Amino acid sequence: AYLTRPYRLWRGDWWKHPVGTAKNLAASFAVARRRKGFQAFREGMHLTPFPPEGFDAVVFGSDQVWNPVLNGGDPLWFARDPAFAHTRNIAYAASTGSVPLPDGVDFGRFHRLGVREPQLRAELAARGVDATLTLDPVLLAGKDVLDALAAPCPVKGQYVVAYEVIDNPQVLRIA
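Described in the following lines is the structure provided in the data block. In this text, all values refer to a predicted model and were calculated from it rather than measured experimentally.

With that settled, consider the pairing of strand β2 (residues 88-94). Bridge analysis of strand β1 (residues 57-60) against β2 gives four bridges, and the strand direction is parallel. Residue pairing for β2: V59 is matched across the bridge by I90. Here β2 runs beside strand β3 (residues 110-115); their pairing, made up of four bridges, is parallel. Paired with N89 across the strands is F110, a residue of β3.

Quick look at the sheet that holds β3 now. One open sheet holds the four strands; their spatial order is β1-β2-β3-β4, and the pairing between them is parallel. Lying at the two open borders of the sheet, with one neighbouring strand each, are β1 and β4 (132-133).

Right, let's talk about the nonpolar core for a bit. Ranked by size, the top nonpolar core spans 20 residues in total, and within it W66, L101, F107, F110, L113, V115 and L124 carry the most contacts. Among the elements of the structure, β1, β2, β3 and α3 (118-126) are those that each provide at least two residues to this core. Tallying contributions element by element places β3 first for this core, with three residues. Dropping the residues within four chain positions of it, V115 is found in contact with W66, A93, A94, L120, R121, L124, A131, T132, L133 and T134.

What follows concerns the pattern of salt bridges. Counted according to the given criterion, the structure contains five salt bridges. Across the pair K143 and D147 runs a salt bridge, and its minimum N-O distance is 2.5 Å. Here K143 pairs with D147, and both are found in helix α4 (residues 143-149), just four residues apart, close to one helical turn. Classification of D147 as partly exposed rests on a relative accessible area of 42%. One salt-bridge network, in which partners are shared between bridges, spans D103, E123 and R127.

Before going further, it helps to spend a moment on the packing of aromatic side chains. We describe a pair of aromatic rings using the distance from one ring centre to the other and the angle between the two ring planes. Applying the stated criterion across every chain yields a total of seven aromatic pairs. Centre to centre, the rings of F107 and F110 are 6.2 Å apart; their planes meet at 40°, and the pair counts as tilted. The exposure class assigned to F107 is buried, which follows from its relative accessible area of 8%. The exposure class of F110 is buried, given its relative accessible area of 9%.

All right, on to a nonpolar patch on the surface then. A contiguous nonpolar surface patch, about 380 Å² in accessible area, is contributed by L135, V138, L139 and L140. Classification of L140 as exposed rests on a relative accessible area of 53%.

Inspection of the secondary structure puts R80 in the loop between α2 (68-71) and β2. Note: C-alpha distance between R80 and F107 (27 residues apart in sequence) is 8.6 Å. Discounting chain neighbours no more than four positions away, the residues touching R80 are P75, D106 and R109.

Thresholds applied
- Residues numbered from 1 in each chain as written.
- Predicted model: local features only at pLDDT ≥ 70, side-chain atom pairs only at ≥ 80, totals over all residues.
- Heavy atoms only, no water.
- Pairing = 2+ DSSP bridges.
- Helix = DSSP H or I, 4+ residues; strand = E, 2+ residues; numbered from the N terminus.
- Core = buried A, V, L, I, M, F, W, Y, C linked by side-chain atoms within 4.5 Å.
- Buried < 20%, exposed > 50% of the residue type's maximum accessible area, 1.4 Å probe, protein only.
- Contact = heavy atoms within 4.5 Å.
- Salt bridge = Lys/Arg side-chain N within 4 Å of Asp/Glu carboxyl O.
- Phe/Tyr/Trp six-rings, centres within 6.5 Å; stacked < 30°, edge-to-face > 60°.
- Patch = residues over 30% accessible without salt bridge, like charges linked within 9 Å, V, L, I, M, F, W, Y side chains within 5 Å.
- Areas by Shrake-Rupley, 256 points an atom, 1.4 Å probe, with all protein chains shown as cover.

What follows is the structure, given as structure tokens:
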């Protein structure tokens, strides 16, 4: 639910207040377009039913897989579900973003841990958990592949590049 909630067309009790109705109507076209794109993305994936029966290993990651704001605090992302008791669990390039790890997380079901940020690695070390610092998987393609994908920049001189998954006017203002 925490992943699909932002793609709902009508949010909350919008019909109870004229301002909520106006906001939902104003955002409905953008939300519908984003929802359609998200559905197309999901339909193009080959998803395996849960629990992962018959797997030798499960890789958790990457990005902000351990960010409780983004994962809804779901202990699944820490291999806490009984389904992961008999698989080799590996975290690759796991991240919490700028949010600290939740207290009381047990990493005992992980066979190997790889994290993106040095501060997360230090936080884990302070808890007695060994982790390797790993590269963001997007960068594994290398400069040649990424340069081939990049469009030529039409702007001459200095500029700021801002990439957002969800538009935030404040980011553009700051940039």
